[in-house]
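# Breakdown of the fold
Residue-level listing of the chains:
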Amino acid sequence: MPSKRFKTFAIGAYIGVPLKEETVTAVGLTPFVLRRGTTSLPETIQFRERLDELYGAGFGFDVYKRGDYQIVQFRMDIINDAFVNTTKPLLEQGFQFLGEAITAPVVEQDKFRDKYVQEEKETVRKRLEAIVNDKIRYAQERCVEEMCKDEPYRLHPLGSRDEVKKVESKSLYDTYKWWLEQASIDIYVIGDTDLPTVQSYVEKYFQVQRTQDVAYIRSLSVPQTGEPRYVTDRLDVTQGKLNMGLRTTITYHDDKYPAALLYNGVLGSYPHSKLFINVREKNSLAYYASSRFDGHKGICTIQSGVEFDKIEKASTIIQEQLEVMRQGRIESLELSQTKAMIANQLREIDDSAFEMISFDFNRVLSGRERTTSSLIEELGDVTADEIQTAAATFHLDTIYVLRNREEKK
């Protein structure tokens, strides 16, 4: 993606495989081990010092899920050669570093270095443990886990604490080799360069042996059937958590996606949204109340923090707002504010190279070509009636409640 707007090159590598119980933990652990060193920079301190030598280049990664895929995203940003004195192109040096980090890790006796694996297993275990300690995140994860208990989407992208304990250096290295062979790999660059140059660097520094290219298969939405399921957990908490999961047949690929995006915005994404106003402000029932929409999976989740004795009333009012949306009772001010908020968020994407990369990757995942400007235009044309039509596809699937172990009657 050639651009002269930025003083740096932004490199993004997306490596995705289907979410599977037998591989999710090992794949989630892999980038943590890869960041420890390469064949040419086997010690972690050498690995980090090399970034300093590259004029303070940045390197990092994320592990997340989109639809039913587990995605590992590596990021690297490095200054444009025009602003420093260097003999070898910095973009090439960046590709050399990133390519080695991904495809040429430290290997000893046909396995990852034991010390690195053991230390990073502890890192991942602590991250998973932190979810349990953060009850807001815990309730979100548990609601999705129950809602999608028979689907890959139930899995956390870092796997599970129990499985992390079982990972060994040899089995992890074997999974790593499978991962590079079987994953969908997409590499992006934004900066003052061109495609032939980037292609030559990829071919030179990404030493991956592959028999075929692997494309993403678009996730098919799973319609909700029957009455919503009620799930209650009890832990040592001082505040209740009320979460809900809704399913829709609308995904990022569909023509109705802008209407679904606005549905979520009017419902619970902003301070002017129905959940915030009616649950938190008017009735003082919740410390927070919001909604999120995963357009690649076709799932909308509602999160709220509520006193134990107010959970039932809060649930009633939240479901009333869902009915209000189905009836198409959307004020013109609500709609215009929501359109303006989403449009501003989309415009801000063009201010960040990595946000631009992330937005374009939606196209790869979904098979639907969209630009920020075209999506803003589509959103501007959506009517309240079209949002009502979209609302009819959102069905309440699961109601999850996190309560105290011993409530006073």
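Conventions used here
The residue numbers shown here count from 1 along each chain, following its written sequence. With the structure being a predicted model, the display of local features is reserved for residues of pLDDT at least 70 and the display and counting of side-chain atom pairs for 80 or more, all residues being used for whole-chain, interface and lining totals. For the side-chain quantities, the full set of heavy atoms in the structure was used; hydrogens and water were omitted. The definition of a nonpolar core used throughout is a set of buried Ala, Val, Leu, Ile, Met, Phe, Trp, Tyr and Cys residues joined through side-chain atoms within 4.5 Å. Each residue is placed in one exposure class: buried if its accessible area under a 1.4 Å probe, protein chains only, is under 20% of its type's maximum, exposed if it is over 50%, and partly exposed if it falls in between. Secondary structure elements follow DSSP: runs of H or I no shorter than four residues count as helices, runs of E no shorter than two count as strands, and numbering proceeds from the N terminus. Only heavy atoms matter for contacts: two residues are in contact if any of them lie within 4.5 Å across the pair. DSSP-based pairing: two strands are paired if at least 2 bridges between them are found. To obtain each axis, a line is fitted to C-alpha atoms, and for helices this fit is confined to the stretch in contact; angles are then taken between N-to-C directions over 0 to 180 degrees. Residue count minus one, scaled by 1.5 Å, sets the expected span of a helix. Here, the arc refers to the directions that run from the helix axis to the C-beta atoms. Side-chain rings of Phe, Tyr and Trp, where Trp is taken by its six-membered ring, are said to pair if the distance between their centres is within 6.5 Å; with planes under 30 degrees apart they count as stacked, over 60 as edge-to-face, and otherwise as tilted. Charges are assigned to positions over rings by a cutoff of 6 Å between ring centre and Lys NZ or Arg CZ, combined with an angular limit of 35 degrees from the ring normal.

- Identification of the protein as Insulinase family protein from Paenibacillus arenosi is taken from an unreviewed UniProt entry.

## What about the nonpolar core?
- In terms of nonpolar packing, the biggest core is built from 59 residues, with Leu242 and Tyr263 touching the most fellow members.
- Among the elements that line this core, the one with the most residues is helix H9 (residues 257–269), at eight residues.
- Ignoring any residue separated from it by four or fewer positions in sequence, one finds Leu242 in contact with Ile302, Gln303, Ser304, Val306, Ile311, Ala314, Ser315, Ile318, Ile399, Tyr400 and Val401.
- Listed in part, the 51 residues of the second largest apolar core include Ala26, Val33, Leu34 and Phe95.

## Quick word on the sheet that holds strand E1 (residues 8–18)
- As summarised here, the arrangement of the four strands in space is E2-E3-E1-E4, forming an open sheet in which the pairing is antiparallel. Of all strands in the sheet, those with a lone pairing partner are strand E2 (58–66) and strand E4 (184–190), marking the two edges. Taken pair by pair, the neighbouring strands of this sheet meet at an average axis angle of 15°, ignoring direction.
- Against the sheet, helix H7 (residues 169–182) touches E1, strand E3 (69–79) and E4, its axis set at about 105° to E1.
- Running at roughly 145° to E4, helix H13 (residues 353–366) makes contact with E1, E2, E3 and E4 of the sheet.

## Details of helix H4 (residues 114–133)
- End to end, H4 covers 29 Å across 20 residues, agreeing with the expected 28 Å (1.5 Å per residue, within 8%).
- All of the buried residues along H4 are Tyr116, Val117, Glu120, Lys121, Val124, Leu128 and Ile131. Buried residues of H4, viewed axially, fall in a sector of 130°; they line one side. Exposed residues on H4 whose side chains face more than 90 degrees from its buried face are Lys126 and Asn133.
- Elements that come into contact with the buried residues of H4 comprise helix H1 (24–34), helix H2 (44–53), helix H5 (135–147), helix H6 (161–166) and H7.

## Focus: the pairing of E1
- With nine of 11 residues buried, E1 is to be regarded as a mostly interior element.
- In this structure, E1 lies alongside E3, joined through 11 bridges in antiparallel fashion. Counted as the bridge partner of Gly16 is Ile71 from E3.

## Brief notes about the packing of aromatic side chains
- In total, this model carries 20 aromatic pairs according to the counting rule given.
- Between Phe59 and Phe74, the ring centres sit 6.3 Å apart and the planes meet at 25°, which makes this aromatic pair stacked. Of this pair, Phe59 sits in strand E2 while Phe74 sits in strand E3, and the two are 15 residues apart along the sequence.
- Relative accessible area serves as the criterion here: at 0%, Phe74 is assigned to the buried category.
- With a centroid separation of 6.2 Å and an interplanar angle of 70°, the aromatic rings of Phe95 and Phe206 are classed as edge-to-face. Taken as a pair, Phe95 in helix H3 (residues 90–103) and Phe206 in the loop between helix H8 (195–205) and strand E5 (229–235) lie far apart in primary sequence, 111 residues in all. An identical accessibility class is assigned to Phe95 and Phe206; each is buried.
- Taken together, the ring pairs in this structure connect Phe32, Phe47, Phe59, Phe61, Phe74 and Phe97 into an aromatic cluster.
- Here the basic side chain of Lys65 rests over the ring of Tyr153, its NZ or CZ set 4.3 Å away from the ring centre.
- Cation over ring: Arg370 sits above Tyr252, and NZ or CZ is 5.2 Å from the ring centre.

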